[in-house]
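Listed below, chain by chain, are the residues.
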Amino acid sequence: MEMRKLTIDNYGELIELWSKARLPFKPKGRDSKKAITAQMKANPEFFLGAFANNHLVGVAILSCDMRKGWINRLAVDPTYRRLGIAKALIAESEKILRRYGVKIFCSLIEDYNVASKNLFKKCGYVEHRDIIYFSKRDSDEI
Ligand SMILES: CC(C)(COP(=O)(O)OP(=O)(O)OC[C@H]1O[C@@H](n2cnc3c(N)ncnc32)[C@H](O)[C@@H]1OP(=O)(O)O)[C@@H](O)C(=O)NCCC(=O)NCCS
């Protein structure tokens with residue numbers, strides 16, 4: 001398994017992987033090709049891919065506001081699960097974010113997602129049961 005940053009040439013594979021992993025994404029909003037192109041241009045290091053035989057099998061998208069670093073849209077191809085790929089993606093994500101001065105690493109996880117909750121716990125993340133996520137959106141597609 002090789003880990004490297006994604007380029008816009010990987011966009012098709014990225015969408016395919018999220019679909020295979022049944023991870024909700026926003027093809028008309030922040031995950032459109034146009035939006036991802038702009039995000040990659042601004043932060044080329046923040047799109048991390050895990051490859052097996054040059055085939056994309058895992059992904060994590062990072063974001064950082066200088067106060068905290070976020071691990072978003074983490075997904076692993078169902079055929080390649082329980083091999084430690086997500087764990088390795090998280091470790092590499094933290095390494096990248098540390099270079100931006102980040103010392104707090106976060107992820108938003110839906111309550112039903114036992115696999116993801118276990119994964120982050122295993123990686124040393126603490127669950128905050130007392131926090132409820134609020135957001136305001138210009139549209140549901142964004
Ligand atoms: C969650 C997900 C990314 C895990 O990927 P993975 O590469 O299989 O995870 P890893 O092999 O690195 O697992 C590390 C640890 O996480 C936990 N874990 C992973 N999958 C699990 C599962 N299905 N059930 C329970 N615990 C799980 C285990 O503790 C595991 O360690 P172990 O295999 O030694 O028991 C993957 O299942 C996935 O893509 N799910 C769909 C998309 C998704 O929900 N993404 C997260 C959004 S927040």
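Residues numbered from 1 in each chain as written. Predicted model: local features only at pLDDT ≥ 70, side-chain atom pairs only at ≥ 80, totals over all residues. Heavy atoms only, no water.

**A look at the site of the ligand**
- The ligand sits among 20 residues. The nearest are Leu-74, Val-76, Arg-82, Gly-84 and Asn-113.
- In this structure, Leu-74 approaches the ligand through a main-chain N or O atom, which is 2.7 Å from a nitrogen atom.
- Contact between the ligand and Asn-118: a nitrogen atom at 3.2 Å from a side-chain N or O atom of the residue.
- Calculation on the ligand without its partners gives an accessible area of 920 Å², and the protein chains cover 78% of this total. (Near = heavy atom within 4 Å. Polar contact = N/O pair within 3.5 Å; in protein donor to acceptor, adjacent residues only side chain to side chain. Areas by Shrake-Rupley, 256 points an atom, 1.4 Å probe, with all protein chains shown as cover.)

**Re helix 3 (residues 85–98)**
- Taking 1.5 Å per residue as the helical rise, helix 3 with its 14 residues ought to reach 20 Å, and the 20 Å between its terminal C-alpha atoms agrees with that figure.
- Within helix 3, the full set of buried residues consists of Ile-85, Ala-86, Leu-89, Ile-90, Ser-93, Glu-94, Ile-96 and Leu-97.
- Those residues of helix 3 that are buried are in contact with strand 1 (2–5), strand 2 (47–52), strand 3 (55–64), strand 4 (69–76), strand 5 (105–106) and helix 4 (114–122). (Helix = DSSP H or I, 4+ residues; strand = E, 2+ residues; numbered from the N terminus. Expected span 1.5 Å × (residues − 1). Buried < 20%, exposed > 50% of the residue type's maximum accessible area, 1.4 Å probe, protein only. Contact = heavy atoms within 4.5 Å.)

**Things to note about the sheet that holds strand 4**
- Taken in spatial order, the five strands line up as 1-2-3-4-5 in an open sheet, and their pairing is mixed. Looking at which strands have only one partner, the edges of the open sheet turn out to be strand 1 and strand 5.
- Bridging between strand 3 and strand 4 involves six bridges; their strand directions are antiparallel. The residue of strand 4 that forms the bridge with Val-59 is Ala-75. (Pairing = 2+ DSSP bridges.)

**Concerning the pattern of salt bridges**
- With the rule as written, the count across this model stands at 10 salt bridges.
- Residues Lys-117 and Asp-111 are paired through a salt bridge, measuring 2.9 Å at the closest nitrogen-oxygen approach.
- Owing to a relative accessible area of 17%, Lys-117 belongs among the buried residues under this scheme.
- Put simply, Glu-127 and Arg-129 hold a salt bridge, and the shortest N to O gap is 2.6 Å.
- Taking the relative accessible area as the measure of exposure, Glu-127 reaches 34% and is therefore partly exposed. (Salt bridge = Lys/Arg side-chain N within 4 Å of Asp/Glu carboxyl O.)

**What about the packing of aromatic side chains?**
- A complete count under the given rule lists three aromatic pairs for this structure.
- Their ring planes at 35° and their centres at 5.6 Å tell us that Trp-18 and Phe-25 sit as a pair that is tilted. There is no split in this pair, since Trp-18 and Phe-25 are both buried.
- When the ring centre of Phe-51 is taken as origin, the NZ or CZ atom of Arg-4, which lies over that ring, is 3.7 Å away.
- Across from the ring centre of Trp-18, 5.7 Å away, lies the NZ or CZ of Arg-73, which sits over that ring. (Phe/Tyr/Trp six-rings, centres within 6.5 Å; stacked < 30°, edge-to-face > 60°. Lys NZ or Arg CZ within 6 Å of the ring centre and 35° of its normal.)

**A word on the pairing of strand 3**
- Burial runs high along strand 3: seven of the 10 residues are buried.
- As judged from the six bridges shared by strand 2 and strand 3, these two strands associate in the antiparallel manner. Paired with Ala-52 across the two strands is His-55, which belongs to strand 3.
- Connecting strand 2 to the antiparallel partner strand 3 that follows it, the hairpin turn spans two residues, and Asn-53 within it adopts a positive phi of roughly 50°.
- In this antiparallel pair of consecutive strands, strand 3 and strand 4, the connection spans four residues, and Met-66 shows a positive phi of 75°.

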